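Here's the letter readout for the chains.
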Amino acid sequence: MKIGVPKESLPGEQRVALTPANVVAIKKISPKIEILFEKEAGLLAGYPDNEYEAAGATLTDRATAYSQSQLLLQVQTPGYAHANADEDLAQLTEGQTLIGMMDPLANPAFAQQLAQQKITGLALELIPRITRAQAMDVLSSMGMLAGYKAVLLAANASPRMFPMNMTAAGTLNAARVLVMGAGVAGLQACATAKRLGAVVEAYDVREAAREQIISVGAKPVELNIDTSAAEGQGGYAQEQSDEFLAQQRAAMQEVVASMDVVITTAAIPGAKSPILVTEDMVKAMKPGSVIVDLAAERGGNCELTQQGNTIVAHDVTIIGPENVPSTLPYHASQMFGKNMENLLKLLLTEEGELQLDFEDEIVRETVVAHEGQVVNTRLRERLGLASQDDNHEKEA
């Protein structure tokens, strides 16, 4: 088994799919595994070539990493439609397996492209949120980093200090921070803002999030709204009706107006992010307030967010960052690589062969294309394809 790790081609992507420590661990699965690592693929993340060589990887050029590998590992695959996606996709050949992030629910057509080229694809975003798969969950790993960095972005842009200080020159009140969405990113944002000394409140539509918010030292925002249908598949928030969102915004207006910093993290897999902060809410905020919108890449939780830009509107600074985990590439690669390593320990035999057991929930949910077919049920539904059960019945 030859495993290829090419340099990331998405503009601005600084992460790498495996660190030297992951190379060591993966080679221990089987002595028959060889890892072909594109030269300087780890450099931007802080991992130089000599460390990969010492770990047992074979340094090579990009063309060789693609052409000679049965299994290719990437952080961002061509499923993210970017400037170099077609070039990367053209280098994949029939019979290869590609593992990485593919944005599958927003771009299910990529699974069809893989199927047409008879390439097996595993989308890491579809790792099920079950206990056994926690060590493979890249969304949680990257979400934690994004939540941490969002607070630093806010603190840097704010004209206020976060902690309270009692000085000879008077008392400086602590900044008030609101985190909207208490998933992994939101909870880490709460914890980071708390460590910096802010007074932190958080809101999430999921009832189960209340205890989690308290556990990281934040105060839950209580709204008198029915949220019984808020939680969807895999523990993620579910897309809500326009009526619900209108009620939510009306109830949150006063809360948002009292804050110095608002960090929004609410994302629906494969769907546009809900608008939680309207322009009217921004107008009501104090001059100098800051909004960091971690959902900017999905359309944003703030009505005024501009993806990839920082703007000032109504005297409020609104930050719409892109690919936040990539701005912490050393630790992001460490966590991503460990997730990948743990998945490969499930997929590879002691003989170094790839074995896909579709009776295993992790495999069944993560594989998007195999043997010329789109095999993931959720993606088939989005593509309007008949279920595989129906196809089997017709064949019978």
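For the structure itself, consult the block above.
What you see is a predicted model, and the numbers here were worked out from it, not measured in a lab.

One pass over the structure, following the stated rule, counts 14 salt bridges. Across the pair Glu 13 and Arg 15 runs a salt bridge whose closest N-O atoms are separated by 2.7 Å. Exposure class is identical for Glu 13 and Arg 15. Each is buried. Asp 204 is paired through a salt bridge with Arg 206; the nearest N and O atoms lie 3.1 Å apart. Accessibility classification places Asp 204 together with Arg 206 in one group, the buried group.

Before going further, it helps to spend a moment on the packing of aromatic side chains. Tallied over the entire structure, the rule returns 2 aromatic pairs. Judged by centre distance (3.7 Å) and plane angle (20 degrees), the ring pair of Phe 37 and Tyr 52 falls under stacked. Pair noted here: Phe 37 is in strand 2 (residues 34-38) and Tyr 52 is in helix 2 (residues 49-55), with a separation of 15 residues, a long-range link. Grouping residues by exposure puts Phe 37 and Tyr 52 together as buried. Aromatic side chains Tyr 47 and Tyr 330 sit 4.6 Å apart centroid to centroid with 10 degrees between the ring planes, which places their arrangement in the stacked category. Placement of Tyr 47 in the loop between strand 2 and helix 2 and of Tyr 330 in helix 11 (residues 329-347) is noted, with a sequence separation of 283 residues between them. Judged by relative accessible area, Tyr 47 falls into the buried class, the value being 5%.

On to the sheet that holds strand 2, then. Each strand in a sheet pairs with its neighbour through backbone hydrogen bonds, running either in the same direction (parallel) or in the opposite one (antiparallel). Strands sit in the order 3-2-1-4-5-6-16-17 across an open sheet of 8 strands; the sheet is mixed. Whereas interior strands pair on both sides, the edge strands pair on one side only; in this sheet they are strand 3 (58-60) and strand 17 (373-374). By the bridge criterion, 4 bridges tie strand 4 (residues 71-76) to strand 5 (residues 97-101) in an arrangement that is parallel. Within strand 5, the residue paired with Leu 71 across the bridge is Thr 97. The strands touched by helix 5 (residues 109-116) within the sheet are strand 5, strand 6 (120-123), strand 16 (367-370) and strand 17, with strand 16 carrying the most contacts at an inclination of about 30 degrees. Of the strands in this sheet, strand 4, strand 5 and strand 6 are in contact with helix 11, which crosses strand 4 at around 150 degrees.

Definitions and cut-offs
Residues numbered from 1 in each chain as written. Predicted model: local features only at pLDDT ≥ 70, side-chain atom pairs only at ≥ 80, totals over all residues. Heavy atoms only, no water. Salt bridge = Lys/Arg side-chain N within 4 Å of Asp/Glu carboxyl O. Buried < 20%, exposed > 50% of the residue type's maximum accessible area, 1.4 Å probe, protein only. Phe/Tyr/Trp six-rings, centres within 6.5 Å; stacked < 30°, edge-to-face > 60°. Helix = DSSP H or I, 4+ residues; strand = E, 2+ residues; numbered from the N terminus. Pairing = 2+ DSSP bridges. Contact = heavy atoms within 4.5 Å. Axes fitted to C-alpha atoms, helices over the stretch in contact; angles between N-to-C directions.

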